[in-house]
Amino acid sequence: MEAALPKNEVARLKALSEYRVLDTRPEPGYDDITALAAYLCKTPIALVSLVDASRQWFKSKVGLSVHETARSDAFCAHALLQPQQMLLVEDALKDVRFADNRLVVGPPYIRFYAGAPLLKPSGEALGTLCVIDTQPRKMDAATQAALFSLARLVMVQLELRKAIFTIQ
């Protein structure tokens, strides 16, 4: 099931473009955060996922070879609808939003997803720091809190990037 557009979609896309990050090369600051997320959450996949008008693009990735997927397939697009909460899907096959999703019934065979929103200081959600597994699982409150902390660090990286481009 494709996610609806957030009510603030126009402002959200404008905010995302201000960071000038889409389609840029990998950077160690983001890669360190995704590596930590995969390690802390004990998942084979971790992503910094940014959602634009038609796709989700991965600024950083662990355990996945593709650079982007269609927005219509993106779990992260669903996370944008409740930006103050983590999107937690313990078993995608049992969730009506995702049971027939191409990324669930085919590679990478997503079963578990946890996405902490990447929130601009003004409140727009740009995407998520997410962790993914091919097995159903649960995530305890302490691990969820750690993932939220790492998502805030991704936003610090994005804000620094934006400040550098503003100065230049």
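Look up: the structure comes first, before these words.
What counts, and at which threshold
- Residues numbered from 1 in each chain as written.
- Predicted model: local features only at pLDDT ≥ 70, side-chain atom pairs only at ≥ 80, totals over all residues.
- Heavy atoms only, no water.
- Buried < 20%, exposed > 50% of the residue type's maximum accessible area, 1.4 Å probe, protein only.
- Helix = DSSP H or I, 4+ residues; strand = E, 2+ residues; numbered from the N terminus.
- Pairing = 2+ DSSP bridges.
- Axes fitted to C-alpha atoms, helices over the stretch in contact; angles between N-to-C directions.
- Phe/Tyr/Trp six-rings, centres within 6.5 Å; stacked < 30°, edge-to-face > 60°.
- Lys NZ or Arg CZ within 6 Å of the ring centre and 35° of its normal.
- Contact = heavy atoms within 4.5 Å.
- Core = buried A, V, L, I, M, F, W, Y, C linked by side-chain atoms within 4.5 Å.

Undergrad: Sorry if this is basic, but what is going on with the pairing of strand E2 (residues 55–62) here?
TA: Consecutive side chains of a regular strand alternate in pointing toward one face of the sheet and then the other. Taking burial as the measure, the eight residues of E2 include six buried ones, the bulk of the element. The pairing of strand E1 (residues 45–51) with E2 spans six bridges and is antiparallel. Bridged to Ala-46 within E2 is Val-62. With antiparallel pairing between neighbouring strands as the criterion, E1 and E2 make up a hairpin whose turn holds three residues. Taken together, the three bridges between E2 and strand E3 (residues 68–70) define a ladder with antiparallel strand orientation. The partner of Arg-55 across the bridge, within E3, is Ala-70.

Undergrad: So what exactly am I meant to see when it comes to the sheet that holds E1 here?
TA: In a beta sheet, neighbouring strands pair by backbone hydrogen bonds and run either parallel or antiparallel. With antiparallel pairing, the six strands of this open sheet are ordered in space as E3-E2-E1-E6-E5-E4. Across the chains shown, the open sheet's two edge strands, defined by having one partner strand only, are E3 and strand E4 (87–89). Adjacent strand axes in the sheet meet at a mean angle of 20° when their direction is disregarded. Of the pairings in the sheet, the one linking E1 to strand E6 (residues 125–133) comprises six bridges and is antiparallel in character.

Undergrad: Any chance you could explain the packing of aromatic side chains here in plain terms?
TA: Ring pairs (aromatic) are described by centroid distance and by the angle formed between their planes. Evaluated as defined, the whole model comprises two aromatic pairs. Considering the side-chain rings of Phe-75 and Phe-98, the 3.9 Å spacing of their centres and the 10° angle between planes classify their relative orientation as stacked. Of this pair, Phe-75 sits in helix H3 (residues 75–79) while Phe-98 sits in the loop between E4 and helix H4 (102–105), placing them 23 residues apart in sequence. We note that Phe-75, like Phe-98, is buried. Taking the centre distance of 5.1 Å and the plane angle of 40° together, the rings of Phe-75 and Tyr-113 count as tilted. Placement of the pair is Phe-75 in helix H3 and Tyr-113 in strand E5 (residues 112–119), with a sequence separation of 38 residues. As far as the burial class goes, Phe-75 and Tyr-113 line up, both buried. By the ring-pair criterion, three or more aromatic residues cluster together here, those being Phe-75, Phe-98 and Tyr-113. Here the guanidinium or amino end of Arg-137 rests over the ring plane of Phe-112, the centre of that ring lying 5.5 Å away. Above the plane of the ring of Tyr-19 lies Lys-162, whose end atom (NZ or CZ) is 4.9 Å from the centre.

Undergrad: Teacher, can you tell me more about the environment of Ala-15 here?
TA: Structurally, the position occupied by Ala-15 is in helix H1 (residues 9–18). In this structure the C-alpha to C-alpha distance between Ala-15 and Ser-122, which are 107 residues apart in sequence, comes to 9.2 Å. In this view, Ala-15 contacts Lys-120, Glu-124 and Leu-126; residues no more than four positions away in its chain are not counted.

Undergrad: Help me out: how do you make sense of the pairing of E1 in this one?
TA: The buried fraction of E1 is high, at seven of seven residues. Alternating residues of E1 divide into Ile-45, Leu-47, Ser-49 and Val-51 and Ala-46, Val-48 and Leu-50, and every residue in both groups is buried.

Undergrad: What's the story with the nonpolar core in this structure? I'm lost.
TA: Side chains that are nonpolar tend, in soluble globular proteins, to be buried together. Counting residues in each nonpolar core, the largest one holds 28 residues, and the members touching the most others are Leu-118, Leu-126, Leu-129, Val-131, Met-139, Leu-147 and Leu-158. Elements that contribute at least two residues to this core include exactly H1, helix H2 (28–41), E1, E5, E6 and helix H5 (141–167). In terms of residue count, the dominant contributor to this core is H5 (six residues). Once residues lying within four places of it in the same chain are set aside, the contact partners of Leu-147 are Ala-37, Cys-41, Met-86, Ala-114, Ala-116, Leu-129, Val-131 and Met-139.

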